[in-house]
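Tertiary structure, described
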Amino acid sequence: MMKLCKIAGDALPDAGAFAFSDRTVQGARLGRAGDSLYIFSPRRFKLFAEGRDEVVIVRGEGHIKWARGELPFRAGEHILAEECGEYEINGDCEFAVLRNR
């Protein structure tokens, strides 16, 4: 079922648990820990959810664009992206994408 919505959550991920590359991806600094990602994005970052992504906004604010519209976000919020296909996080922000949890 295609879904993009805010969910309850209080824990923020630690960037130190992710391995970062010196290269940028889509203009952003990207860290990995298994299937999960930690992203420092200056403007926008495109992702694709076939399964279940929990997006945790650590810093910043903006909106997420997806096939069915837009969803605003701000620091501290947790967002579920489930089988929604391509989605785009817009804004100068820092966030983690915890996959298939």
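The paragraphs below set out a description of the structure included in this document. Just so it is clear, the structure is predicted and the values come from calculations on it, not from any experiment.

Another point: the packing of aromatic side chains. Summed over the entire model, instances satisfying the criterion amount to 5 aromatic pairs. Between F18 and Y38, the aromatic rings sit 5.3 Å apart at their centres with planes inclined by 50 degrees, giving tilted as the arrangement. Here the residue F18 occupies a position in the loop between β1 (3-7) and β2 (19-25), and Y38 occupies one in strand β4 (residues 36-41), the gap between them amounting to 20 residues. On the basis of relative accessible area, Y38 is assigned to the buried category, the value being 1%. On the basis of an interplanar angle of 45 degrees and a centroid distance of 5.8 Å, the ring pair of F20 and F40 is categorised as tilted. Taken together, the positions of F20 in strand β2 and F40 in strand β4 put the pair 20 residues apart, joining distant regions of the chain. On the accessibility criterion, F20 (26% relative accessible area) is partly exposed. Taking the relative accessible area as the measure of exposure, F40 reaches 24% and is therefore partly exposed. Clustering of aromatic rings is evident, with ring pairs tying together F18, F20, Y38 and F40. Over the face of the ring belonging to F20 we find R29, whose NZ or CZ atom lies 4.4 Å from the ring centre.

What counts and what doesn't
The residue count restarts for each chain, going from 1 along the sequence in the order it is written. Reporting of local features is limited, given that this is a predicted model, to residues whose pLDDT is at least 70; pairs of side-chain atoms are given and counted only at 80 or more, and all residues count toward the totals for whole chains, interfaces and linings. Values shown for side chains rest on all heavy atoms present in the structure; no hydrogens or waters enter the calculation. Stacked, edge-to-face and tilted are the three classes for Phe, Tyr and Trp ring pairs, Trp counted by its six-membered ring, which pair at centre distances within 6.5 Å; planes under 30 degrees apart are stacked, over 60 edge-to-face, the rest tilted. In this description a helix means any DSSP run of H or I spanning at least four residues, a strand means any run of E spanning at least two, and both kinds are numbered starting from the N terminus. Each residue is assigned to one of three classes by its accessible area relative to the maximum for its type, calculated with a 1.4 Å probe on protein chains only: buried under 20%, partly exposed between the two thresholds, exposed over 50%. In this scheme, Lys NZ or Arg CZ marks a charge over a ring once it lies within 6 Å of the ring centre and within 35 degrees of the ring normal.

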